[in-house]
Amino acid sequence: MGVQILDCTLRDGGYVNNWEFGRHAIASILDKLEAGGVEIVECGFLTSRPRDEDCSLYGGPEAILPLLPQREPRAMFVAMIAMGEKELSPQQLPPCRPGGISGVRLTFRREDAERAFCWAAAILDKGYQVFFQPVGTAFYSDMELLRLVERVNRLRPFAFYMVDTLGSMYPGQVTRQFHLIHENMDPAIRLGFHGHNNLQLAFSNAQVLLGIQAKRQLILDSSVYGMGRGAGNLPTELITRYINQNIQSRYNVGMVMDIYDEYIAPLRREYQWGYSMAYHLAASHACHPNYAAYLINKQTLTMQDMESILRAIPQGQRVEFDKALVRRLYARHQSRQIDDTRAVEELAG
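S.K.: How do you make sense of the overall build of the protein when you look at a structure like this?
M.R.: Along the protein, the regular secondary structure elements total 13 helices and nine strands. A compact globule built from 349 residues would reach a C-alpha radius of gyration of about 20 Å, and the protein, at 21 Å, matches this within 12%. Projected onto its principal axes, the C-alpha positions of the protein cover 85 × 45 × 45 Å. A total of 349 residues make up the protein; the buried ones form 54% of that total. Pairs at least 24 apart in sequence give 78% of the contacts found in the protein among residues at least 6 apart. About 15,700 Å² of surface is accessible on the protein, with carbon and sulfur atoms providing 48% of the total. Mean positive and mean negative side-chain charge positions of the protein (36 and 38 charges, respectively) differ by 3 Å.

Here you go:
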């Protein structure tokens, strides 16, 4: 099975620093990833709410063009449209032009699937390769996933993705879902995997997929030092070195290390991401990581307190973050925990 690495540092990593990498850093990261042999490089988000030139949030592909390496590229450059997150609609997308981004990653929630297929077809008509990415494939039933794959076969995108949105998938689940999709999807369509590291499984899940003997192109998403929201992602430096040593030596890992030294290490001193007990609990209960982030920020809870609140979230409201709900559950938990009746009586006596 052939494999390609897709680095998403400038997009997924942007959740950590509000996408404020700096224009020079963005251009340098793109250049070093391409020079290091990474096959697909994600430049950031395409959005209807772009920011200034120091952010990896763009109002269109033309804003990305000046940032790309000024040489004949070996890598494929892409950007993401996230439906429901101030997205850029296909009507606002200009036709694909040589020398710019050549692919669009389209991510969508289950309720937006119908519109996503229409958007994907429109993006394909504009000349871009489409990466079709449903949020949280772990929570699709087999029949729902097969119906999706049947329509993907007619759409014929560049890639279809397994997305472990909550970082809750164990290797057996990843393997089972891979085979379900692989055996029913057009062989020409690449199969991608986007994992999160809530259970410290992003790297091991990638190794499991690489060990499957299948005639299909695989895409593995990663980011430098695993930079990403919450528990973060598969680290680019780990997976590229693993492929070099176990499959084929083709990546210059030194370039990835340069990115870490110059741009990611300074951010690490200011921001936190990566595995933590709280994000582990969120994944264990199949809860959105923002629930854990909200409770961490309260700085009043033990891990057992946090787990008690996560357990109280109704099953149907765990995958999507509901701030009002977790606020109520936190307040209820605190009111039960703080009972100072005895202390008041002792002071009164």
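S.K.: So what exactly am I meant to see when it comes to the side chain of H182 here?
M.R.: Looking at where H182 falls in the secondary structure, it is placed in helix α5 (residues 171-182). Within polar-contact distance, the side chain of H182 engages the side chain of R216 at 2.9 Å. Those residues in contact with H182 that sit more than four places away from it in its chain are A214, K215 and R216.

S.K.: Would you explain the environment of A63 in this entry?
M.R.: Within the secondary structure layout, A63 lies in the loop between β3 (57-58) and β4 (76-82). For A63 and H179, which are 116 residues apart along the polypeptide, the C-alpha to C-alpha distance reads 39 Å.

S.K.: Whenever I open this one, the nonpolar core confuses me. Can you help?
M.R.: Judged by nonpolar contacts, the single largest core of 75 residues is most densely connected at L30, L46, L106, F132, F160 and L220. A total of six residues in this core trace back to one element, the largest contributor, which is helix α3 (residues 113-125). Here L220 is in contact with V3, Q4, I5, L6, F193, A206, L209, L210 and I239, once residues within four sequence places are set aside. With 19 residues, the next largest nonpolar core counts A231, Y279, C287 and L295 among its residues.

S.K.: Looking at this structure, I do not really get the environment of L199. What am I missing?
M.R.: You can see L199 is positioned in the loop between β8 (190-194) and α6 (202-210). Separated by 80 residues in sequence, L199 and Y279 have C-alpha atoms that sit 7.9 Å apart. Those residues in contact with L199 that lie beyond four places of it in its chain are G167, S168, Y170, H280, A283 and S284.

S.K.: Would you explain the packing of α3 against helix α4 (residues 142-155) in this entry?
M.R.: Packed helices, taken two at a time, are described by their axes: the angle between them and the distance between them. Here α3 crosses α4 at 20°, and the two axes come no closer than 11 Å. What the angle tells us is that α3 and α4 run roughly parallel. Relative to α4, α3 is oriented so that their crossing is right-handed. Residues E114, F117, A120, A121 and L124 of α3 form the contact with α4, whose participating residues are L148, R151, V152 and L155. Taken together, the residues that form the contact of α3 with α4 break down as seven nonpolar, no polar and two charged.

S.K.: Can you walk me through the pattern of salt bridges in this structure?
M.R.: Where side chains of opposite charge bring their charged atoms close, a pairing between them can arise. Enumeration over the complete set of coordinates arrives at 20 salt bridges. Among the salt bridges present, the one from E34 reaches R74, with a minimum N-O distance of 4.0 Å. Pair noted here: E34 is in helix α2 (residues 23-35) and R74 is in the loop between β3 and β4, with a separation of 40 residues, a long-range link. According to the relative accessible area criterion, E34 is buried, its value standing at 1%.

S.K.: I keep staring at α3 and nothing clicks. Help me out?
M.R.: An α-helical turn contains 3.6 residues, so any two residues separated by three or four positions project in the same direction. Given a rise of 1.5 Å per residue, 13 residues ought to cover 18 Å, and the 18 Å separating the end C-alpha atoms of α3 matches this to within 8%. The complete set of buried residues in α3 reads A113, A116, F117, W119, A120 and I123. The buried residues of α3 occupy an angular sector of 165° when the element is viewed end-on, so they sit on one face. For α3, the exposed residues lying more than 90 degrees away from the buried face are C118 and D125. Residues of α3 that are buried in the fold lie against β4, β5 (103-108), β6 (129-134) and α4. Within two residues after α3, G127 carries a phi angle of roughly 100°, on the positive side.

How each quantity is defined
- Residues numbered from 1 in each chain as written.
- Predicted model: local features only at pLDDT ≥ 70, side-chain atom pairs only at ≥ 80, totals over all residues.
- Heavy atoms only, no water.
- Helix = DSSP H or I, 4+ residues; strand = E, 2+ residues; numbered from the N terminus.
- Rg over C-alpha atoms; globule rule 2.2 N^0.38 Å.
- Buried < 20%, exposed > 50% of the residue type's maximum accessible area, 1.4 Å probe, protein only.
- Contact = heavy atoms within 4.5 Å.
- Areas by Shrake-Rupley, 256 points an atom, 1.4 Å probe, with all protein chains shown as cover.
- Lys, Arg positive; Asp, Glu negative; His and termini not counted.
- Charge placed at Lys NZ, Arg CZ, Asp CG, Glu CD.
- Polar contact = N/O pair within 3.5 Å; in protein donor to acceptor, adjacent residues only side chain to side chain.
- Core = buried A, V, L, I, M, F, W, Y, C linked by side-chain atoms within 4.5 Å.
- Axes fitted to C-alpha atoms, helices over the stretch in contact; angles between N-to-C directions.
- Parallel < 35°, antiparallel > 145°, perpendicular 65-115°, else oblique.
- Left-handed = near helix turned anticlockwise from the far one by under 90°.
- Nonpolar A, V, L, I, M, F, W, Y, C, P; charged D, E, K, R; others polar.
- Salt bridge = Lys/Arg side-chain N within 4 Å of Asp/Glu carboxyl O.
- Expected span 1.5 Å × (residues − 1).
- Arc of directions from axis to C-beta.

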